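Observations on the three-dimensional arrangement
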Amino acid sequence: MSPLRHPKTDMAIDIPQELIDKLAQARRVAVLTGAGISAESGIPTFRDALTGLWANYDPQTLATPEGFARDPRLVWEWYAARRARIADVRPNPGHAALAALERRFEQFTLVTQNIDSLHQRAGSHEVVELHGNITRVKCSREEILVSQFAQDESPPRCPCGAYLRPDVVWFGEMLPADALARAEEAAEHCEIFLSIGTSAQVYPAAELPLRALSAGATVIEINPERTSLTRHAHFSLRGASGLVLPQLLDHLNAASA
Ligand code: BJW
């Protein structure tokens, strides 16, 4: 198949026919997304040089329980600013293509490390959130979700007196057990595993494509850069997910027309 060209960038995206054929024949597909899929919506990633959040902010200060204990106001306000930014952006063609792919397969599990709800806003129905969701707030002591609270303090307080915090997973914290179990199950039973827009550096999410590999799945990576997964992946599509995924969908539609 001839290389595809994106009209805006003229960037050639080489999608091997073998990959399209495997996808067209698959019944069970699992997908892991990371910050890169939301980059084209205007949400910064974490580890990209210069533009990544961790290039400008210290993860130990802002994304650990210890950091929150040290300076709850700083952490609360950092998340409030990110929440406002996320509310202001829209899903991009990569999110939309994944929502369309969900409808094509007998089993399709979309696992995300993102906390931004952009998959749901693009129309994906079954989204497994490994690292929580920034729109939710929970009690830092009792861990229960709280939907209404007075905004007179920063951070606001739970009726029990403890500070409220975003319902996201910080370093050193356990992932939600049910979400992790669903993700592992999907990785171990899929025929195709797509790893999209993640640097594959954060565990246990980074283990999922390796589990899929061990179970015999075909692993496809979509990322403009090499990652620690690249050398293990059967196919590596080097490009922005907002360009690659819609073209992958077009090829798939053409293959089954
Ligand atoms: C594009 C693009 C475009 C750009 N299109 N792509 C085993 C070994 C070593 C350490 C550990 C281990 N097991 C556990 C750990 C500790 C730790 C960990 O993994 N540390 C590593 C950093 C070494 N893990 C944990 O603590 C986890 N908890 C846990 O394991 O509990 C049990 C336990 C506890 C204690 C000890 C041991 C076990 C919790 C991890 C929580 C991660 N939380 C964060 C913050 C969430 C809230 C928030 O948003 O603020 O989650 S950190 C941050 O990283 C965020 C992300 O979800 C996560 C992953 O990042 P992601 O998505 O991969 O983003 P980037 O920026 O890294 O990559 C973006 C990619 O996109 C790049 O590759 C670009 O090229 C690409 N890209 N534009 C497509 N247009």
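Above this text sits the structure in question.
This report concerns the structure included in the present document.

Definitions and limits used
Residues numbered from 1 in each chain as written. Predicted model: local features only at pLDDT ≥ 70, side-chain atom pairs only at ≥ 80, totals over all residues. Heavy atoms only, no water. Buried < 20%, exposed > 50% of the residue type's maximum accessible area, 1.4 Å probe, protein only. Helix = DSSP H or I, 4+ residues; strand = E, 2+ residues; numbered from the N terminus. Pairing = 2+ DSSP bridges. Axes fitted to C-alpha atoms, helices over the stretch in contact; angles between N-to-C directions. Contact = heavy atoms within 4.5 Å. Right-handed = clockwise from strand over helix to strand, strands pointing away. Salt bridge = Lys/Arg side-chain N within 4 Å of Asp/Glu carboxyl O. Expected span 1.5 Å × (residues − 1). Arc of directions from axis to C-beta. Parallel < 35°, antiparallel > 145°, perpendicular 65-115°, else oblique. Left-handed = near helix turned anticlockwise from the far one by under 90°. Nonpolar A, V, L, I, M, F, W, Y, C, P; charged D, E, K, R; others polar. Near = heavy atom within 4 Å. Polar contact = N/O pair within 3.5 Å; in protein donor to acceptor, adjacent residues only side chain to side chain. Areas by Shrake-Rupley, 256 points an atom, 1.4 Å probe, with all protein chains shown as cover.

Observations concerning the pairing of strand E6 (residues 132-139)
Judged by how many residues are buried, E6 sits mostly within the fold: six of eight residues are covered. Taken together, the five bridges between E6 and strand E7 (residues 164-168) define a ladder with antiparallel strand orientation. Bridge pairing in E7 places cysteine 139 opposite leucine 164.

Observations concerning the sheet that holds strand E8 (residues 192-196)
Read across the sheet, six strands follow the order E5-E4-E3-E8-E9-E10 without closing on themselves; strand pairing throughout is parallel. Two strands close off the open sheet at either side, each with one partner strand: strand E5 (127-129) and strand E10 (235-237). Averaged over all neighbouring strand pairs, the angle between strand axes comes to 20°, with direction disregarded. Sheet topology places E8 next to strand E9 (residues 218-222); five bridges connect them, and they run parallel. The partner of isoleucine 196 across the bridge, within E9, is isoleucine 222. Relative to E9, helix H11 (residues 241-255) is tilted by about 135°, and along the sheet it contacts E8, E9 and E10.

Focus: the pairing of E8
With respect to burial, E8 is a largely interior element, five of its five residues being buried. Residues Ile192, Leu194 and Ile196 point to one face of E8 and Phe193 and Ser195 to the other, with burial holding for every one of them. Each parallel crossover has a hand, and the one from E8 via helix H10 (residues 208-214) to E9 is right-handed.

A word on the pattern of salt bridges
Enumeration according to the criterion identifies twelve salt bridges in this entry. Taking the shortest distance from any N to any O, the salt bridge between arginine 211 and glutamate 184 comes out at 3.4 Å. Taken together, the positions of arginine 211 in helix H10 and glutamate 184 in helix H9 (residues 177-189) put the pair 27 residues apart, joining distant regions of the chain. Note on arginine 211: relative accessible area 28%, which makes it partly exposed. Bridged by salt links that share partners, the residues Glu129, Arg136, Lys138, Glu143 and Asp167 form one connected network.

Quick word on helix H6 (residues 72-87)
Its 16 residues place the ends of H6 22 Å apart at the C-alpha level, agreeing with the 22 Å of an ideal helix rising 1.5 Å per residue. Among the residues of H6, those classed as buried are Pro72, Val75, Trp76, Trp78, Tyr79, Arg82 and Ile86. One side of H6 holds all its buried residues, which, seen down the axis, span an arc of 160°. Summarising the contacts, the buried residues of H6 are in contact with helix H3 (53-56), helix H4 (59-62), helix H5 (65-70), helix H8 (118-122), E6 and E7.

A closer look at the packing of helix H1 (residues 17-25) against H11
The geometry of H1 relative to H11 is characterised by a closest axis approach of 10 Å and an angle of 65° between their N-to-C directions. In terms of orientation, H1 lies roughly perpendicular with respect to H11. The handedness of the crossing between H1 and H11 is right-handed. Residues Leu19, Ile20, Leu23 and Ala24 of H1 form the contact with H11, whose participating residues are Leu248, His251, Leu252 and Ala255. For the contact of H1 with H11, the residue count by class is seven nonpolar, one polar and no charged.

Some details on the site of the ligand
The ligand sits among 35 residues. The nearest are Tyr79, Arg82, Glu173, Thr198 and Ser199. Separating an oxygen atom of the ligand from a backbone N or O atom of phenylalanine 46 is a distance of 2.7 Å. For the ligand, the accessible surface in isolation is 1500 Å², of which the surrounding protein chains cover 76%. Listed by contribution, the elements that provide at least two residues to the shell around the ligand are helix H2 (36-39) and H6. For the shell around the ligand, the class distribution of residues is 16 nonpolar, 13 polar and six charged.

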